[in-house]
Amino acid sequence: MPAKNDGAPADYTEKIPNNVSLHEDRRLQRALESWQPNFLNWWQTMGPTLPTQDVYLRTAVNVGRDGWAQFGHVAMPEYRWGIFLAERDPGRRVGFGEHKGEPVWDKVPGEYRAELQRLIVVQGDTEPASVEQQRNLGATAPSLYDLRNLFQVNVEEGRHLWAMVYLLHAYFGREGREEAEELLHRNSGSLDSPRILGAFNEETPDWLSFFMFTYFTDRDGKYQLGTLKESAFDPLSRTCEFMLKEEAHHMMVGTTGVDRVVQRTVEVMREHDTDDVAGLGAIPLPVIQKYLNFHYSVSLDLFGGETSTNVANYYTAGLKGRWLEDRRKDDHKLASDSIMVDALSEDARSGEQSIGQTEVSALVGLNTDLRREYISDCQGGVKRWNRILEEGGVKQRLHLPHAAFNRKVGAFAGIEASPAGEMLSAAQWQRRQGDWLPTEVDKTYVRSLMQPVHQRGKIAAWIAPPRNGINGQPFDYDYVHLA
Ligand code: BYC
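Residues numbered from 1 in each chain as written. Predicted model: local features only at pLDDT ≥ 70, side-chain atom pairs only at ≥ 80, totals over all residues. Heavy atoms only, no water.

Colleague: Residues and numbers for the packing of aromatic side chains, please.
Modeller: Considering all chains together, one arrives at 34 aromatic pairs under this definition. A centroid spacing of 6.1 Å and a plane angle of 55 degrees characterise the contact between Tyr-145 and Phe-475, whose relative ring orientation is tilted. Note that Tyr-145 is positioned in helix H3 (residues 144-171) and Phe-475 in the loop between helix H11 (440-449) and strand E7 (480-482), a separation of 330 residues in sequence. Both rings, one in Tyr-145 and one in Tyr-479, keep their centres 6.0 Å apart while their planes meet at 70 degrees; by these two values the pair is edge-to-face. Here Tyr-145, found in helix H3, pairs with Tyr-479, found in the loop between H11 and E7; they are 334 residues apart in sequence, far enough to count as distant. Of the two residues examined, Tyr-145 and Tyr-479, each falls in the buried class. Put simply, the rings of Trp-35, Phe-39, Trp-42, Trp-43, Tyr-79, Trp-81 and Trp-162 touch in pairs and so form one group of aromatic residues. One Lys or Arg, Arg-219, reaches over the ring of Tyr-215 and ends 4.0 Å from the middle of that ring. (Phe/Tyr/Trp six-rings, centres within 6.5 Å; stacked < 30°, edge-to-face > 60°. Helix = DSSP H or I, 4+ residues; strand = E, 2+ residues; numbered from the N terminus. Buried < 20%, exposed > 50% of the residue type's maximum accessible area, 1.4 Å probe, protein only. Lys NZ or Arg CZ within 6 Å of the ring centre and 35° of its normal.)

Colleague: Account for the packing of helix H1 (residues 26-46) against helix H4 (residues 173-185), with residues named and values stated.
Modeller: Each pair of packed helices can be summarised by the angle the axes make with each other and by the distance between the axes. Relative orientation of the contacting elements H1 and H4 amounts to 10 degrees, with a least axis distance of 10 Å. In terms of axis orientation, H1 runs roughly parallel to H4. Contacts from Ala-31, Trp-35, Asn-38, Phe-39 and Trp-42 of H1 reach H4 at Arg-177, Ala-180, Glu-181 and Leu-184. (Axes fitted to C-alpha atoms, helices over the stretch in contact; angles between N-to-C directions. Parallel < 35°, antiparallel > 145°, perpendicular 65-115°, else oblique. Contact = heavy atoms within 4.5 Å.)

Colleague: An account of the layout of surface pockets is requested, with residue identities and associated values reported.
Modeller: Empty space within the largest pocket amounts to approximately 810 Å³. Considering the residues around the largest pocket, the lining is formed by 42 residues, among which Val-122, Leu-197, Gln-224, Leu-302 and Phe-303 are closest to the centre. When contributions to the lining of the largest pocket are tallied by element, the ones reaching two or more residues are helix H2 (113-133), H3, helix H5 (207-228), helix H7 (285-301), helix H8 (309-317) and helix H9 (366-391). A per-element tally of the lining of the largest pocket places H5 first, with eight residues. The residue inventory of the lining of the largest pocket, partitioned by class, reads 18 nonpolar, 14 polar and ten charged. As for the second largest pocket, its lining consists of 27 residues, and the residues nearest its centre are Ala-86, Glu-87, Lys-229, Ser-237 and Glu-241. Residue classes in the lining of the second largest pocket are distributed as seven nonpolar, four polar and 16 charged. (1 Å grid on protein atoms, 1.4 Å probe; cavity = no way out; pocket = protein on both sides within 12 Å on 5 of 7 lines; lining within 4 Å. Points joined across faces, edges and corners; volume = space filled by probe spheres on them. Nonpolar A, V, L, I, M, F, W, Y, C, P; charged D, E, K, R; others polar.)

Colleague: Please set out the site of the ligand residue by residue, giving values where relevant.
Modeller: Around the ligand, a shell composed of 28 residues is seen, among which Gln-123, Gly-305, Ser-308, Lys-320 and Asn-367 lie nearest. The separation between an oxygen atom of the ligand and a polar side-chain atom of Arg-118 is 3.2 Å. In the environment of the ligand, an oxygen atom lies 2.6 Å from a nitrogen or oxygen atom belonging to the backbone of Gly-305. Against a free-state accessible area of 1000 Å², the protein chains account for coverage of 80% of the ligand. Among the elements of the structure, H2, H5 and H8 are those that each provide at least two residues to the shell around the ligand. If one sorts the elements of the shell around the ligand by residue count, H2 sits on top with seven residues. A breakdown of the residues in the shell around the ligand according to their chemical character gives nine nonpolar, twelve polar and seven charged. (Near = heavy atom within 4 Å. Polar contact = N/O pair within 3.5 Å; in protein donor to acceptor, adjacent residues only side chain to side chain. Areas by Shrake-Rupley, 256 points an atom, 1.4 Å probe, with all protein chains shown as cover.)

As structure tokens, then:
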């Protein structure tokens, strides 16, 4: 039996801080305590490489409305990674699918075991993957403020791994424990045992990539967690609800990170009255656009195919809902609804393909529904960055590329398309992709700017300082003490 997760206050005297009354289930506690050294070993070997004494970090200590986290300087290996589920709503009922209206589940129903385990493993796999992708960034941080934010994101992704491992250990028996081990064995970019989803095997070699990743890829996390928060499996729902709280900071890091890069580029463009800021220590707008194109398109892939029977089954079973399910004005079952999804159409006579749409049942189109929510959220970022350009008196604008651009998953995986959405031949794509995706020259230039600024109150020349510090501290606070 899993621990009684009744939203008890966090117990910090235990080896594994938790609010799931872990001490009441000795077997589970022992199992997690034997996973803990493996996690710490993974953190030491695959986590941040820059040696530090301590970092000004937020640690989750409770789930209540007031004061869920505390801030202080912490030696990272001693960070208190804990297990926290949002408070239980005793009257909660399933909000969608064929079990709509029934009480939510405290245990895993046998018939959905495999699917639930799969969803939890995929979610869990992304968390340590991102830490691995970002492990070398500390060496080139543009300021101590940014360095601290990187480490905050990293330790919280580590906690999110704990969140999924808790579910696997508590509810999925031996198989769950084996999957928890596997989460530490697969590695981002590994040829033998890569991470499960494509975007998590890409490199994050520089800070522009990091900000784009936290804007676009962490935002997929927000949307996927939002759908799992709707789950009829209540422990998963409550886990994701609390993870979303932490996720908000990761979004902030990405949004304001790109803001500050754009801001600095505008300043240098104006100062020197030129668009060509490459020699002047800032990142040219076309390079920012190419990084945006890359991170956005690989993140679109994370939503799976435009049509998916997997997602239809997840929904009908009550395992994975829609974004803001309870605000949708329909029957929450969708058995007779339909949706238009992106598709390749084929001309009946010529056989020629073109980018179009097709009508499918709403259930199989749920990946599209979620991807659309995500896309409209991403438009908010672009709008905000364009406001910075406009206020800076610069005429160029940033854009989200077409959904068919650079896709490896779904309806457009087999074709090439420009950011404007025109279909291209393989030869045209080969010739032009360097105009749209970062080239070796672009990446080398961006990397050349990545000189560490590890002095208090100082910042690299390619990025503007933040408007605010962390937790009311000033920008020149001693956020990190290096070793
Ligand atoms: N790469 O039916 P389909 C985060 C597989 S990010 C490789 O279209 P489905 C975070 C798929 O598994 C959020 N394989 O897809 C962010 C399936 O395989 P099987 C992570 C892919 O199942 C930053 C097959 O292709 N959480 O938290 O409807 C930092 C057919 O696919 C990919 C989740 O994703 C891909 N991109 O939906 C830190 C939530 N896409 O089953 C953290 C859990 C699909 O036939 N996962 N495939 O062997 C899910 O809900 C779904 O598995 C997916 C795909 C949305 C990923």
